Amino acid sequence: MSTIRIAAPTIANKGEVIELKAMIQHEMETGYRRDRFGKEITRDILKYFECFYNGESVFKAEFFAAIAANPFLSFFTTATESGTLEFRWIDQNGVASSQSVELEVS
Amino acid sequence: MSGMAARLTVFCGALIVAFASEKMIAQEITSFADRPDLSPDKVQSGFNFLTAETQQLQTDSFANPGYLWVDKGQRLFTDSKEGKSCQFCHDANSEGSLIGAATRYPLVDSATNALVNLEERINLCRTRHQQLPEFIYESDELLSLTAYVANLSQGMPFDVVVDGDAEPFFNQGREYFFQRKGQLNLACSQCHDDSWGKMLRGDRISQGHSNAFPGYRLEWQTFGSLHRRIRDCDVGVRAEPYQLGADIYKSLELYLSWRAADLHIESPGVRR
Amino acid sequence: MKKTATENSRYDLIDRRTLIKGSAAAVGLLLLPQVSHALPEDVEAEIAELFDTREIQQGKVTVTVPPISENGYSVPFAVDVESPMTEEDHVVRIVVFAEENPQPNVARFELGPRAGKASIKTRIRMGGTQRIRAIAEMNDGSLWTSYAFSIVTLAACVFDPGT
């Protein structure tokens, strides 16, 4: 299981624009490198990231090999109601990793 | 991403320019007074040789990627699926707390009289007290646990013992630091004592301190141990590198901890 | 294709030692990380595929990368787009290109009025000194672009045999 770090406020005012930060442990192997025996290292990257706010998609990213290892993302969303923020990554083979945090909106 | 041959050629060329006029190195340097270029008032962390962006990456307690390993290490530390967890003996609020522990490593293990570094101590704990197999050096698990334990000493200065039982190891490590090696015939000291602050291609040469490690290196695009970092230097001067965890690297590690004087442990540091 | 007589005779002139040296060099070259760069045309082709021939205007977009990056493997990148991010007027997509990378695509972002602010940060790989370009697509279909330069310096000791 990949290690994931999420930074999101736990409380926010309704209508407040909040910053969400997410980082996941992943090599983002480009497919352009060779090992010490000269053999090509196969590409292995995370392809998609999506953030769901109470199940509704609020931000999507598509990654290419040019995203640095251990991808970091910062983006914004408007606090509308209390609930769950889910952060989900999908790799090139369709395998998903995700983590959720709770947000209380008043 | 251009050809590596071109890079190496430029590298060698730069070294020849940098060291063509270097004097022979001192044989016996035993105290700070003997090395005016690196007296305690001049000791600087590698942090000071980074660009502002890389410094910010290290000091950002969320975005520093090294914390991915610290987090994982904490999870392993408290994991009791295979019996007693590390936490069981080393709770932060107990006598077994490991806060500050990393400042004292490497140290001589009283049971075996061998020099032991933090990675090895974690493995010894596993075999002696947890009846678990050792982790492979540089495995994600060992790196993560070391990252967590080292991070518990973040902000504290090294406090290693270099006399008594430790003296032969210290002397061996110091010797290695001043010994010319590799096809380029360079000693660690020629870059990191005599030439720090000078440019080597795009880099400003640092003083070669160990206080960022285990740490995240941009060049590696991942987290790694001090021994991996040392091995890169050995390869850089075209010397045959030793295995990670080798006795000679542990001795060098002891010398480096002493040499870093009052520098604080930054682990997880971020370096180029 | 058959070799011509002239070519064959030219080969005959090369002595064995040279040939061996030459093959060794060729093998050596194969082992090097030879990676071709994208061309500005590749970026144009990507843009044409995404946005057809729609007009792309300068402005509204700000790309931020450090003027000097001491390592191309992890360059802090930010893109900001001027937009009220309301239901009526918002950014729907941002695409990012690095023209000198082996593959010009860096990332594509989809957002909407719920974002509140069109501001994204990440870390990218840059295969050398170049400009990083971003294009923002608005909900009215208009396209806006800007770019920023970063000089990527090569480190001195860039030889890691791996572990």
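Above this text you will find the structure in question.
Here the structure is a predicted model, which means the values were calculated and not measured.

Quick notes on the rules
- Residues numbered from 1 in each chain as written.
- Chains lettered and ligands numbered in written order.
- Predicted model: local features only at pLDDT ≥ 70, side-chain atom pairs only at ≥ 80, totals over all residues.
- Heavy atoms only, no water.
- Helix = DSSP H or I, 4+ residues; strand = E, 2+ residues; numbered from the N terminus.
- Buried < 20%, exposed > 50% of the residue type's maximum accessible area, 1.4 Å probe, protein only.
- Areas by Shrake-Rupley, 256 points an atom, 1.4 Å probe, with all protein chains shown as cover.
- Pairing = 2+ DSSP bridges.
- Axes fitted to C-alpha atoms, helices over the stretch in contact; angles between N-to-C directions.
- Salt bridge = Lys/Arg side-chain N within 4 Å of Asp/Glu carboxyl O.
- Contact = heavy atoms within 4.5 Å.
- Buried area = accessible area lost by both parts, 1.4 Å probe.
- Polar contact = N/O pair within 3.5 Å; in protein donor to acceptor, adjacent residues only side chain to side chain.
- Nonpolar A, V, L, I, M, F, W, Y, C, P; charged D, E, K, R; others polar.
- Patch = residues over 30% accessible without salt bridge, like charges linked within 9 Å, V, L, I, M, F, W, Y side chains within 5 Å.
- Lys, Arg positive; Asp, Glu negative; His and termini not counted.
- Charge placed at Lys NZ, Arg CZ, Asp CG, Glu CD.
- Parallel < 35°, antiparallel > 145°, perpendicular 65-115°, else oblique.

## A few points about the overall build of chain C
- A count of helical and extended segments in chain C gives three helices and nine strands.
- Each helix and strand of chain C, ordered N terminal to C terminal, gives the series α-α-α-β-β-β-β-β-β-β-β-β.
- Within chain C, the proportion of its 163 residues that are buried is 44%.
- Here chain C displays about 8700 Å² of accessible surface, and carbon together with sulfur accounts for 56% of that area.

## As for the sheet that holds strand β2 (residues 61-64) of chain C
- Pairing is antiparallel in the open sheet, where six strands are placed in the order β1(A)-β3(A)-β6(A)-β7(C)-β4(C)-β2(C). Every other strand in the sheet has two partners, leaving β1 (4-7) of chain A together with β2 of chain C as the edge strands with one partner each. Direction aside, neighbouring strands of the sheet carry axes that sit 15° apart on average.
- Note: β2(C) against strand β4 (residues 75-81) of chain C, four bridges, orientation antiparallel. Bridge pairing in β4(C) links C:Val63 to C:Val79.

## Structural notes on the pattern of salt bridges
- As enumerated under the stated definition, the model contains 23 salt bridges over all chains in all.
- Of the charged contacts in the structure, one is a salt bridge between C:Glu110 and A:Lys60, with a shortest N-O distance of 3.8 Å. Taken together, the residues C:Glu110 in strand β6 (residues 105-110) and A:Lys60 in strand β5 (residues 56-63) connect one chain to another.
- Residue classification places C:Glu110 among the partly exposed residues on the basis of a relative accessible area of 41%.

## Some remarks on the interface of chain A and chain C
- Listed per partner, the contact involves 34 residues of chain A and 30 residues of chain C.
- Taken together, the two surfaces of chain A and chain C that pack against each other cover about 2700 Å², and 51% of this comes from carbon and sulfur.
- The largest share of the area that chain A buries against chain C comes from A:Tyr32, A:Phe64 and A:Phe76, three residues that together contribute 23% of it.
- Between C:Arg114 and A:Glu56 there is a salt bridge, with its nearest N and O atoms 2.9 Å apart.
- Here chain A is connected to chain C by 16 residue pairs in polar contact (both at pLDDT 80 or more).
- Broken down by secondary-structure element, the contributors of at least two residues to the side of chain A that touches chain C are β3 (17-24), β5 and β6 (72-78) of chain A.
- Taken together, the residues that form the side of chain A that touches chain C break down as 20 nonpolar, seven polar and seven charged.
- Two elements, β5(A) and β6(C), share four bridges in a ladder whose sense is antiparallel. Bridged to A:Lys60 within β6(C) is C:Glu110.

## Details of a negative patch on the surface
Residue and element names in this part refer to chain C.
- Residues Glu87, Glu88, Asp89 and Asp140 make up a contiguous surface patch of negative charge.
- With respect to the element layout, Asp89 can be found in the loop between β4 and β5 (91-98).
- Assessed through its relative accessible area of 33%, Asp89 is described here as partly exposed.

## Considerations on the packing of helix α9 (residues 226-236) of chain B against helix α10 (residues 247-259) of chain B
Residue and element names in this part refer to chain B.
- Between α9 and α10, the shortest axis-to-axis distance is 11 Å and the interhelical angle comes to 100°. When the axes of α9 and α10 are compared, the pair comes out roughly perpendicular. Together, Leu226, His227, Ile230, Arg231 and Asp234 of α9 and Tyr249, Lys250, Leu252, Glu253 and Leu256 of α10 make up the contact between the two elements.
- Class assignment for the residues of the contact of α9 with α10 results in five nonpolar, one polar and four charged.

Treat this as a map of the structure, not an account of what it does.
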